[in-house]
Amino acid sequence: MAAEKKHAAYICSGCGLGERLDIDALEGVAKKDGKMQVVRTHDFLCSQGGVAMIQNDIDNDGVTHVAIAACSRRAKTEAFNFPTTAISRGNLREGVIWVRPDTDEARETTQEMAEDYVRMACAEVKAMTQPAGNPNTGTVKTLLVVGGGMTGMTAALEASKAGYKVVLVEKTGALGGWAAKLYKRVPTREPFKAPQDNGVADLVSQIEADSNIKVYTNATIAKTSGAPGRFKVDIAVESGPTVTEDIGAILQATGFNLYDVNKLPQLGGGQANVVDQAGLEALARAANGGAIKRADGKEVKSVVFVQCAGQRDTSGEHLSYCSGYCCNTSIKQAMYFKDNNPDIDTVVLFTDLRTPGNGEDFYRSAQNKGVIFSKGVVSGVTASGGGCTVKFHDLILDDKNAQIDADLVVLATGAVPNSGVNIDNPVDAPAAAPAEGEAPAAPVVEEKPISILNLDYRQGPDVPQFKYGFTDSHFICFPYETRRTGIYTAGPVRRPMDIAQAQEDATGAAMKAIQAMENAGLGKAAHPRAGDLSFPSVRLEGCTQCKRCTVECPFGAIDEDEKRFPLFNESRCRRCGTCMGACPVRVISFENYSVNTVGAQIKAVNIPDEFSEKPRILILACENDAYPALDMAAMNRNEYSAWVRAIPVRCLGSVNTIWITDALNSGYDGVMLMGCKHGEDYQCHFVKGSELGRYRLSKVGDTLKGMNLETERVFDMEVAITDMDTLPKKINEYAEMIQGFGPSPFKGF
Amino acid sequence: MSNMNEQMAAKYKNNFLKEIEEQAEMGDWVKMCMQCGVCSGSCPTNFHAGWDHPPQEIFMMIRAGKREEVLTSNSMWQCTSCYNCYVRCPRKVPITHIMHGIAEYAYRLGLAPKMQPSLHLSQTFWNNATKHGRVNEVQLTQSLYFKDGIGAGIKKAMEMKDVALGLVKAKRLNIMEALGGGHKCKDVDGIHKMLAKAKELEAKRKAGKAAGA
């Protein structure tokens, strides 16, 4: 196949390209500079006729590589879909005529821009091969669900309903998790007025009746190895043998623990008549609809609920976030009392009552039942008489010395995720970890997290965490994704949520996990390049074992083999190319995206001499946000400088510094790098890609100084997909600045 | 009347919210307030000097059991009955009606602030209107002007004399109404009987409530 290469270029003259550009000249460029064996034009290339022309050349003329000079690579993807053929796209429409004024004086520079894009498309396609797909596919289609609470049980049932086998592992002796400990749950149905059955028994019986679901209780994950479609998971069953299961994808639904009430002594944590929400559920279960009694057996006649106990804390001592479910839970618990006896004084002390879902109706129902809600900040809970005195600052009446006496105080302490070991902060790693060859660390003060998945990945045993120990995922754009391909998190381990949200989450994550298994079986990438058949290959003979690829891979896809060479697990790979950008000896590449495919485009651009006053600026734009923003700028006809030549990259993380030095050496006057926002509120589709890329590129300044160039010539900017109006302005400002510097001294060398 | 106050205080002990719910008209809505403050923000009086507490604070004080403070407050008497708060309340709490209900209850207990202008106007207007079945505007104006003494009344009358003369000229004001009873409605006795019956019915209903029926 590789022997017979035949390159063809197709130039479209539709959409106004014919009127604005000299198509004959472009044809000449494709033949002469692009060295294309076949060059054809068509006045409507994406029409049936145009596509048939290309297809005919592929079928009957042996064309293997196609450069299409027409619109953006983001447009007409369905028309220009030739699965067996390598394709590059020269962006003449969004990249040239839509961003340039239609004037006589602009005609020359516009034509030059178009000719360069034709050269680039030809150069790119010649450096490409059509990917064949990941050869190391795994075909296992069994889903492992870790955690048998509401989230885990829902996920298992949903996956089973979709026709997949499920292995459900639960640490305790019974399914149900927190929900099973609830006397009742917050209502999920109209009219949302009274607590309802917790629903656990129903789910458990459904699971027991489901032949697709295999349940392990009293079991933990001893080891997870492999990749999506071919995970090997060792399940350690208490007082039993360790079982190994073949698994396609993993769904982690390990839930949360309550924040330790003993850390709140000023709010009465530790006192006999002060309980947390779980404590009250236990009392309510014991009462089972009768009068709720305290631990000492006394019937509770007055109760105070303290919201945000140890939550939304600004001192840094306790949880700084809102756990999302506690307000509804306290409303529900207040109703336990009121439903039994309306004369019991129930007061909820809150600062902001947050009732997600249909909680507003529930809240109103509680008010109707006579639960009193007071806006106040509790300063202390002290034991007094036979109960407690709650001192608080009444925020409505601005009474700093308000107080209430109560038989029982319930603290809404909030949720701490069970996300395992924080692999980015080894201080939190288990001090007494039984990992081989590790000396026991300093004495443990607190309970240290133990690993949940025990991944045998080079980058650590659990999925990476984000803020406050919740697992990392982009909670708006791609909520269930973790930074470990084929492993999804759902429920309160991902972000604070209640049962209803967790069940929705479970369903979504189960679907994503099924997608991942299916894609892995076809050798395709998972999100965000879902369906991509390319995969990284490494020329090991050139590898220096520097380990930058293994360290930087945001998805932990690369392990090390016994000879300390990188070992790619293609099914774990998301095809972002961060390894390729990181590799100092440039031995990592994809069939259709490599140091060469971009490097060839950079070199293909015609650099005018220093007297022409035509600077050339290279734009390396992230294909997820920045390149679409450029396209949308074009659709809005926001014009920008004719000096720029834009090349889309898979991620800023895939930018190899050689591209920048090559560009500057060959006479480009400037380089603009456009990537997504990084940091706490990152927008990067590969989570860490833009951050890693930026860190790498921050070192380029030294290279520039070494070349006696202004460091501002390389400009790194954060671009969001919505920047279509501001982006052209920034490009123009930058182009003006570059013009102010004068031409690069490297021109002509 | 203060006797009734003591009775009620004893009856409800610490549960002032319950007292308001059962005794004040529309009082059972107080618990539904969610303290958003839209009522206070919507009030056209802007709580100029003289307002003790905005409505949502009154409701909170009721829940906090601040009985004396609420019942002797002048807040309920400041309401102009524009209904802006009622219209805007996201919880559809009939704030205007509750304010009047609490005001009326405080009046019944004898705790309403003495010589509070709104209270005085209400009483004066009521007495004036029910006496002959029609409002006698001149006498009503007189009693309002002279409520703070003769000197203040004359001063006020002099200030307003141009307006009064204009009204007389336009035949909108009959000075002669000041003398004697002024004009009456056709069946004064009928009106009085009707009012007496209404009062009887109301007293019966409220006595029933106070007794805990």
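Residues numbered from 1 in each chain as written. Chains lettered and ligands numbered in written order. Predicted model: local features only at pLDDT ≥ 70, side-chain atom pairs only at ≥ 80, totals over all residues. Heavy atoms only, no water.

*Asks:* Report on the overall build of chain B, specifying residues and quantitative values.
*Replies:* Summing up its helical and strand segments, chain B has 13 helices and zero strands in all. Each helix and strand of chain B, ordered N terminal to C terminal, gives the series α-α-α-α-α-α-α-α-α-α-α-α-α. Expressed along its principal axes, the backbone C-alpha trace of chain B runs to roughly 55 × 40 × 30 Å. Among the 213 residues that make up chain B, the fraction classed as buried is 37%. A fraction of 63% describes how many contacts in chain B between residues 6 or more apart in sequence connect residues 24 or more apart. Carbon and sulfur atoms make up 59% of the accessible area of chain B, which totals about 12300 Å². Taking the average place of the 30 positive charges on the side chains of chain B and the average place of its 20 negative ones, the gap between the two points comes to 4 Å. (Helix = DSSP H or I, 4+ residues; strand = E, 2+ residues; numbered from the N terminus. Buried < 20%, exposed > 50% of the residue type's maximum accessible area, 1.4 Å probe, protein only. Contact = heavy atoms within 4.5 Å. Areas by Shrake-Rupley, 256 points an atom, 1.4 Å probe, with all protein chains shown as cover. Lys, Arg positive; Asp, Glu negative; His and termini not counted. Charge placed at Lys NZ, Arg CZ, Asp CG, Glu CD.)

*Asks:* Please give an account of the domain arrangement of chain A that cites residues and values.
*Replies:* All names here are of chain A. Structurally, chain A comprises domain 1 (1-130), domain 2 (142-255 + 418-432 + 447-521), domain 3 (258-415), domain 4 (537-575) and domain 5 (607-749). Domain 1 and domain 5 are separated by 24 Å when their C-alpha centres are compared. The partner domain 5 presents 20 residues to the 17 residues of domain 1 that form the contact. For the pair domain 1 and domain 5, the summed buried area comes to about 1700 Å², and 53% of that belongs to carbon and sulfur atoms. If you sort the residues of domain 1 by the area they bury against domain 5, R74, W98 and V99 come out on top, with a joint share of 32%. Our enumeration of links across domain 1 and domain 5 arrives at six salt bridges. Across the pair R616 and D116 runs a salt bridge whose closest N-O atoms are separated by 3.7 Å. Put simply, domain 1 and domain 5 have nine residue pairs in polar contact (both at pLDDT 80 or more) between them. By residue number, the principal contributor to the side of domain 1 that touches domain 5 is helix 4 (residues 104-126), which donates seven residues. Considering only residue class, the side of domain 1 that touches domain 5 consists of six nonpolar, four polar and seven charged. (Domains from an automatic or database assignment. Buried area = accessible area lost by both parts, 1.4 Å probe. Salt bridge = Lys/Arg side-chain N within 4 Å of Asp/Glu carboxyl O. Polar contact = N/O pair within 3.5 Å; in protein donor to acceptor, adjacent residues only side chain to side chain. Nonpolar A, V, L, I, M, F, W, Y, C, P; charged D, E, K, R; others polar.)

*Asks:* Describe the interface of chain A and chain B, with residues and values.
*Replies:* Facing 14 residues of chain A, the contacting portion of chain B comprises 15 residues. Surface buried jointly by chain A and chain B totals about 1300 Å² across both partners, of which 56% is contributed by carbon and sulfur atoms. Together, Q367, I396 and L397 of chain A form the three largest contributors to the area buried by chain A at its contact with chain B, with a combined 44%. In this structure, the salt-bridge partner of E360 of chain A is R91 of chain B, at a minimum N-O distance of 2.9 Å. Here chain A is connected to chain B by seven residue pairs in polar contact (both at pLDDT 80 or more). Looking at the side of chain A that touches chain B, the elements that each hand over two or more residues are helix 10 (359-368) and strand 16 (372-384) of chain A. When residues in the side of chain A that touches chain B are grouped by element, the largest group, five residues, is from helix 10 of chain A. When the residues that make up the side of chain A that touches chain B are grouped by side-chain class, the tally is five nonpolar, three polar and six charged.

*Asks:* Could you give me a rundown of the pattern of salt bridges, with the residues and numbers involved?
*Replies:* Residue and element names in this part refer to chain A. Enumeration according to the criterion identifies 53 salt bridges over all chains in this entry. The shortest N-O distance in the salt bridge between E112 and R616 comes to 3.2 Å. Separated by 504 residues along the polypeptide, E112 in helix 4 and R616 in the loop between helix 14 (595-604) and strand 26 (617-622) bring together distant segments of the chain. Side by side, E112 and R616 carry an identical accessibility label, which is buried. Because the salt bridges share partners, they merge into one network encompassing K32, D33, E108, E112, E115, D116, R119, K614, R616 and R645.

*Asks:* Break down the domain arrangement of chain B for me, citing the residues and quoting the values.
*Replies:* Domain annotation for chain B reports domain 1 (2-113) and domain 2 (117-182). When each unit is reduced to the centre of its C-alpha atoms, the spacing between domain 1 of chain B and domain 2 of chain B is 31 Å.

*Asks:* Could you give me a rundown of helix 14 of chain A, with the residues and numbers involved?
*Replies:* Residues and elements named next belong to chain A. Counting buried positions along helix 14 gives seven out of 10 residues, so the element sits mostly inside the fold. Looking at helix 14, one finds that the buried residues are V595, T597, V598, G599, Q601, I602 and A604. Where helix 14 is buried, its residues meet helix 4, helix 13 (578-582), strand 26, strand 27 (644-649) and helix 16 (657-665).

*Asks:* So what's going on with the packing of aromatic side chains? Which residues, and what values?
*Replies:* Residues and elements named next belong to chain A. Counted by the stated rule, this structure contains 13 aromatic pairs over all chains. An angle of 75° between the planes, with centres 4.8 Å apart, marks the rings of Y363 and F373 as edge-to-face. Of this pair, Y363 sits in helix 10 while F373 sits in strand 16, and the two are 10 residues apart along the sequence. Taking the relative accessible area as the measure of exposure, Y363 reaches 3% and is therefore buried. The buried category is assigned to F373, whose relative accessible area is 1%. With centroids separated by 6.4 Å and ring planes inclined at 45°, the aromatic side chains of F590 and Y593 adopt a geometry described as tilted. Taken as a pair, F590 and Y593 share a single burial class, namely buried. Put simply, the rings of W178, F256 and Y325 touch in pairs and so form one group of aromatic residues. (Phe/Tyr/Trp six-rings, centres within 6.5 Å; stacked < 30°, edge-to-face > 60°.)

*Asks:* Explain a nonpolar patch on the surface residue by residue, including any values.
*Replies:* Residues F146, I150, I154 and M158 of chain B make up a contiguous nonpolar surface patch of roughly 410 Å² in combined accessible area. With respect to the helices and strands, F146 of chain B occurs in the loop between helix 10 (137-145) and helix 11 (150-159). (Patch = residues over 30% accessible without salt bridge, like charges linked within 9 Å, V, L, I, M, F, W, Y side chains within 5 Å.)

*Asks:* Which residues make up the pairing of strand 10 (residues 242-247) of chain A, and what values go with them?
*Replies:* Side-chain direction in a regular strand flips from residue to residue, so the side chains alternate between the two faces of the sheet. In the sheet, strand 9 (residues 231-237) of chain A pairs with strand 10 of chain A via six bridges, with the strands oriented antiparallel. Counted as the bridge partner of D234 of chain A is T244 of chain A from strand 10 of chain A. (Pairing = 2+ DSSP bridges.)

*Asks:* Please set out unusual backbone geometry residue by residue, giving values where relevant.
*Replies:* Residue and element names in this part refer to chain A. The amide bond that connects E190 to the next residue, P191, takes the cis arrangement and shows omega of -5°. Examined against the element boundaries, P191 turns out to sit in the loop between helix 6 (177-181) and helix 7 (200-208). Of the consecutive residues H527 and P528, the connecting peptide bond is found in the cis state with omega at -5°. Tracing the backbone shows P528 in the loop between helix 11 (499-521) and strand 22 (537-538).

*Asks:* Go over the environment of V215 of chain A, please, and point to the residues and values.
*Replies:* Residue and element names in this part refer to chain A. Along the chain, the position of V215 falls in strand 7 (residues 213-216). Through-space distance from the C-alpha of V215 to that of P356 is 32 Å; in sequence the pair is 141 residues apart. Once residues lying within four places of it in the same chain are set aside, the contact partners of V215 are L168, L175 and I207.

*Asks:* Before we move on, can you summarise the sheet that holds strand 9 of chain A with the specific residues and values?
*Replies:* All names here are of chain A. Across the sheet, three strands lie side by side as 8-9-10; this open sheet has antiparallel pairing. Both outer strands of the open sheet, strand 8 (219-225) and strand 10, are each paired with one neighbouring strand and no more. Across this sheet, the average inter-strand angle for adjacent strands is 25°, counted without regard to direction. (Axes fitted to C-alpha atoms, helices over the stretch in contact; angles between N-to-C directions.)

*Asks:* Tell me about the confidence of the model for chain A, and name the residues and values.
*Replies:* In this model, chain A carries a mean pLDDT of 92, and residues with pLDDT of at least 70 account for 96%. Predicted confidence for residues 428-445 of chain A stays below pLDDT 50, and this span has 14 contacts to residues more than four positions away or in other chains. (pLDDT = per-residue confidence, 0-100.)

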